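# Residue-level structural notes
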Amino acid sequence: MYLLKDFKFACLVFLLVCGMTVFSAPIKAHVLNETSAQVILRDGQVEVKIITDMNYLVSRLQNNQAWLMGDIEKVMPENLSENEQQSVIKKTLKQGTHLMLNNQIINFERVSLTNDSDTHSVEIILQANHQFKEIVNISVSFDKSLGVVHASFVKPRYRLVGLGERAEVSF
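Residues numbered from 1 in each chain as written. Predicted model: local features only at pLDDT ≥ 70, side-chain atom pairs only at ≥ 80, totals over all residues. Heavy atoms only, no water.

### Notes on the sheet that holds strand E8 (residues 149–154)
Stated precisely, the cut-off is as follows: Two strands are counted as paired when DSSP detects at least two bridges linking them. Helix numbers and strand numbers start at the N terminus; a helix is a DSSP run of H or I with at least 4 residues, a strand a run of E with at least 2. Whenever a helix is involved, its axis is fitted only over the stretch in contact; in every case the axis is a line through C-alpha atoms, and angles between N-to-C directions fall within 0 to 180 degrees.
Read from one edge to the other, the open sheet built from 5 strands follows the order E5-E6-E2-E1-E8, with strand pairing classed as mixed. Only two strands of the sheet have a single partner each, and these edge strands are strand E5 (110–116) and E8. Neighbouring strand axes in the sheet, compared pairwise and without regard to direction, differ in orientation by 15° on average. For strand E2 (residues 45–53) and strand E6 (residues 121–129), the ladder comprises 9 bridges, and the chain directions are antiparallel. Along E6, the bridge assignment pairs Gln45 with Asn129.

### Some words on the pairing of strand E3 (residues 98–101)
Keep this limit in mind: Accessibility here uses a 1.4 Å probe with only protein chains present; expressed as a share of the type maximum, an area under 20% marks a residue as buried, one over 50% as exposed, and anything in between as partly exposed.
Residues Leu99 and Leu101 point to one face of E3 and are all buried, whereas His98 and Met100, pointing to the other face, are not buried. Where E3 meets strand E7 (residues 138–141), 4 bridges bridge the pair, whose relative direction is antiparallel. Within E7, the position partnered with His98 by the bridge is Ser141. Judged from the 3 bridges that link them, E3 and strand E4 (residues 104–106) form a sheet pairing that is antiparallel. Its bridge partner being in E4, Met100 is matched across the sheet by Ile105. As consecutive antiparallel partners, E3 and E4 are separated by 2 residues, and within that stretch Asn102 has a phi angle of approximately 50°, a positive value.

### Considering the layout of surface pockets
Put simply, the test is: Put plainly, a pocket is an open set of points on a 1 Å grid over the protein atoms alone with protein on both sides within 12 Å along at least five of seven lines, a cavity is a set where a 1.4 Å probe fits but cannot get out, and a lining residue has an atom within 4 Å of a point. Grid points are joined across faces, edges and corners, and a volume is the space filled by probe spheres set on the points. Under the grouping applied here, Gly and all other residues not named as nonpolar or charged are polar, the nonpolar ones being Ala, Val, Leu, Ile, Met, Phe, Trp, Tyr, Cys and Pro and the charged ones Asp, Glu, Lys and Arg.
Reported here for the largest pocket is a volume of approximately 330 Å³. As for the largest pocket, its lining consists of 17 residues, and the residues nearest its centre are Glu73, Lys74, Val88, Thr92 and Gln95. Looking at the lining of the largest pocket element by element, the count peaks at 6 residues for helix H4 (residues 82–96). Partitioning the lining of the largest pocket into residue classes produces 6 nonpolar, 5 polar and 6 charged. Taken as a whole, the second largest pocket spans an internal volume of roughly 150 Å³. Lining the second largest pocket we find Leu41, Arg42, Asp43, His130, Phe132, Lys133, Glu134, Ile135, Lys155, Pro156 and Tyr158. In terms of residue class, the lining of the second largest pocket is made up of 5 nonpolar, 1 polar and 5 charged.

### Brief notes about the pattern of salt bridges
The following threshold applies: Salt bridge, as applied in this entry: a Lys or Arg side-chain nitrogen positioned within 4 Å of an Asp or Glu carboxyl oxygen.
Evaluated as defined, the whole model comprises 5 salt bridges. Its salt-bridge partner being Glu109, residue Arg110 comes within 3.3 Å of it at the nearest N-O pair. On the accessibility criterion, Arg110 (37% relative accessible area) is partly exposed. A relative accessible area of 41% means that Glu109 is categorised as partly exposed. Among the salt bridges present, the one from Glu168 reaches Arg166, with a minimum N-O distance of 3.6 Å. One exposure class covers both Glu168 and Arg166, and it is exposed. Three or more residues joined by partner-sharing salt bridges are found here, namely Arg60, Asp71 and Lys144.

No statement about biological role is implied by the geometric values presented.
And the structure:
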């Protein structure tokens, strides 16, 4: 009988320790560690908005093995200032992100970068103009330094909505 009480006590202690270990671990619900991108088509303009983790991107651009594997063109030096890092990132993504509309290559004209130091995320926006009246297909590839990219494609429908009126859009 005494052995059975010790066994029950040992099981209880084991369950408590396991429970505390599981629940004390940091929880990351609904957080994507990968990069996300949104390609937005407008009349005469296309915008590629990339959101990624700044620390991850910098570590990939400073990775010698990534350079050896051909994933990056050259290794970013480790002793750069924040402005110099941003300059390298802009240049790398402008050259490494390829966009085609209606089977024609589109070159990016502008690149902007907004860094959120609280979340360590960075938003990179690549912009280009185009002359197409109608876009029938889009092809995009991202620089390998971004890793896996979750992409979405958006073609906004604009409506002028008057005071108290309702806008209806069909897809």
